[in-house]
Amino acid sequence: MSEQEAHQTNEGKLTRRKLLQGGGAGLCLLFLSNLLGCSPPTETEETDKQERPDLDDPRESILQQKKGFTNPTAARWFSEVDQDMIVCQLCPKQCELEDGERAPCRVRENREGVGYTLAYGNPALIQEDPIERKPFFHVLPGSRALSISTAGCNLDCKFCEVWDMALEYPENVYAHDVPPEKVIQHAEESNVQSVSYAFGEPVIFYEYMWDIAKLAKDAGFLNVAHTAGYIRPEPVRELAPLLDAANVDLKSFDDEFYRQVVGGELSPILDSLKILRDEGVHIEITNILIPDLNDNMDMIEQMCQWIADELGADIPLHFARFYPLYKLSELPRTPVSTMEEARDIALKAGLKFPYIARVSEHEGENTFCPGCGEKIIDRVGFVIDEMHIDNGRCAFCDAEIPGKWS
Ligand code: SF4
């Protein structure tokens, strides 16, 4: 449909904005159907898959799913404690594992004194979608990303949105057999500009992400990650040169909330953010607001002030709406007024790009130039309606806008 045709629908039928919203809904269904791929396929689906034997074609092979497929791979970040015990230094939990023991993250284990990962080359999710879904609002707006994720997680959020993948053992989920080279082949044959390590927790498939990211960089793709940031300083420092952008979940500014609801601690996440900033990675932050659990406005003010002081006022901050699910299904969704109050606090703290996410058609999902106040990106869900940024600068006043624009 042309732009003119879209505008002609204003008379009671279909507006351009509604048209764009429709596109977003379709993409949402695509995401859900991919996640549901973690459930056993029907007999008909199995038959369909058997009729696609061309495994040399990467786009065909990723359609294949095998229940419990793993590719155990010797992993990094383990060191020996004694003859039987090794310790994992990948995340702050620093698990000590005896021979044969599997870690709480469900994917790393001690096999006769050698640390292995069972999250390598076996994504439970691989799909193309808009980069706005990661969410990145300041990275190639309107482009598409190839997202990868595996089973396992080093946290245990009571509000996990992908618990049937992230909080599962790899033996229990359907996974694709996709080594790093095939991920890149698939990206090259697709209309994507970036490879995204998202939906589940990329820290947990560190070695797989690292190998893909190296190939992706050489092939000219951006590497972008959405992570909880619960990782030790050395691994994040080593990964940073391969990353172009990271959206880090700052789930609260309260350590007790992290311990009780997330299963981790706050300070390692703050450290990760500072390391990523120091290493020159473009950062965006997502803060989910859960009624009565982490929506205290004094705490949100402290968090915004910390971001402004320690990371910089240019960091985009996404306030994400909570929807009842998993172990917090009894809670209500976040009132829009709470999100608006949080955004106002962020603006008062000096943050230049606070957003309201997951609230349909809210003005807070658009980007406004901090120089002249003009709307420079008009979004409808995950779709860009209009953009007025030229070479990283506001088209109205020439102010520099932080991000990756080309
Ligand atoms: S990544 Fe897994 S094995 Fe390693 S320290 Fe964290 S929870 Fe333990």
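Note that the coordinates shown come from a computational prediction; the quantities given were computed from them, not determined experimentally. (Residues numbered from 1 in each chain as written. Predicted model: local features only at pLDDT ≥ 70, side-chain atom pairs only at ≥ 80, totals over all residues.)

Colleague: Just checking my understanding: could you explain the site of the ligand for this structure?
Modeller: Taken together, C88, L90, C91, K93, Q94, C95, A103, P104, C105, R108 and N154 make up all the residues around the ligand. Of the residues contributing to the shell around the ligand, the split by class is 7 nonpolar, 2 polar and 2 charged. (Near = placed C-beta within 6 Å. Nonpolar A, V, L, I, M, F, W, Y, C, P; charged D, E, K, R; others polar.)

Colleague: Is there a simple way to explain the sheet that holds strand β18 (residues 375-380) in this structure?
Modeller: Backbone-to-backbone hydrogen bonds pair the strands of a sheet. The strands run either parallel or antiparallel. Pairing within the open sheet is antiparallel, and its 3 strands lie in the order β17-β18-β19. Looking along the sheet, the strands with just one partner apiece sit at the ends: β17 (367-368) and β19 (383-387). By the bridge criterion, 4 bridges tie β18 to β19 in an arrangement that is antiparallel. In the sheet register, R379 faces β19, and the bridge partner there is I384. (Pairing = 2+ DSSP bridges. Helix = DSSP H or I, 4+ residues; strand = E, 2+ residues; numbered from the N terminus.)

Colleague: Just checking my understanding: could you explain unusual backbone geometry for this structure?
Modeller: Note: most residues except glycine have negative phi, and most peptide bonds are trans. With an omega of 5 degrees, the peptide bond running from K134 to P135 counts as cis. Along the chain, P135 turns up in the loop between β8 (125-130) and β9 (144-149). Unusually for a residue other than glycine, N391 sits at a positive phi of about 50 degrees. Secondary-structure assignment places N391 in the loop between β20 (389-390) and β21 (393-394).

Colleague: What's the story with the environment of R106 in this structure? I'm lost.
Modeller: Its place among the elements puts R106 in the loop between β5 (96-98) and β6 (108-111). Separated by 64 residues in the primary sequence, R106 and P170 place their C-alpha atoms 7.5 Å from one another. Excluding residues within four positions of it along the chain, R106 makes contact with A151, G152, E168 and Y169. (Contact = placed C-beta atoms within 7 Å.)

Colleague: I would appreciate a short explanation of the packing of helix α11 (residues 297-311) against helix α12 (residues 336-348) in the present structure.
Modeller: Packed helix pairs are specified by the crossing angle of their axes together with the interaxial distance, meaning the distance between the axes. Two elements in contact, α11 and α12, have axes whose closest approach is 9 Å; the angle formed by their N-to-C orientations is 40 degrees. Note on packing geometry: the crossing formed by α11 with α12 is right-handed. Across the interface between the two elements, M297, I300, E301 and C304 from α11 touch E341, A342, I345 and A346 from α12. (Axes fitted to C-alpha atoms, helices over the stretch in contact; angles between N-to-C directions. Left-handed = near helix turned anticlockwise from the far one by under 90°.)

Colleague: Quick question: what am I supposed to make of the environment of S272 here?
Modeller: The residue S272 is located in helix α10 (residues 267-278) in this model. Measuring from C-alpha to C-alpha, the distance between S272 and E234 comes to 9.8 Å, with 38 residues separating the pair along the chain. Each residue touching S272, except ones within four places of it in the same chain, is listed here: G229, I231, V236 and V248.

Colleague: Looking at this structure, how should I read the sheet that holds strand β4 (residues 85-88)?
Modeller: The strand order across the open sheet built from 3 strands is β3-β4-β5, with neighbouring strands paired in antiparallel fashion. With partners counted over all chains shown, the strands left at the sheet margins are β3 (78-80) and β5, one partner each. Between one strand and the next, the sheet's axes are offset by a mean angle of 35 degrees, whatever the strand orientation. Taken together, the 3 bridges between β4 and β5 define a ladder with antiparallel strand orientation. Residue V87 lies in a different strand from β5, and its bridge partner there is E96.

Colleague: What should I look at first to understand the nonpolar core in this one?
Modeller: Inside soluble globular proteins, nonpolar side chains tend to come together where they are buried. If you look at the biggest cluster of nonpolar residues, it comprises 104 residues, and the most contacted ones within it are V195, I283, L317 and F319. Each of domain 1 (73-117) and domain 2 (256-363) accounts for three or more of the residues forming this core. The residues contacting I283, other than those within four sequence positions of it, are A246, V248, L273, L276, R277, L311 and I315. Ranked by size, the runner-up nonpolar core spans 5 residues in total, among them C369, I376, I377 and I401. (Core = buried A, V, L, I, M, F, W, Y, C linked by C-beta atoms within 7 Å. Buried ≥ 20, exposed ≤ 12 C-beta atoms within 10 Å, placed from the backbone. Domains from an automatic or database assignment.)

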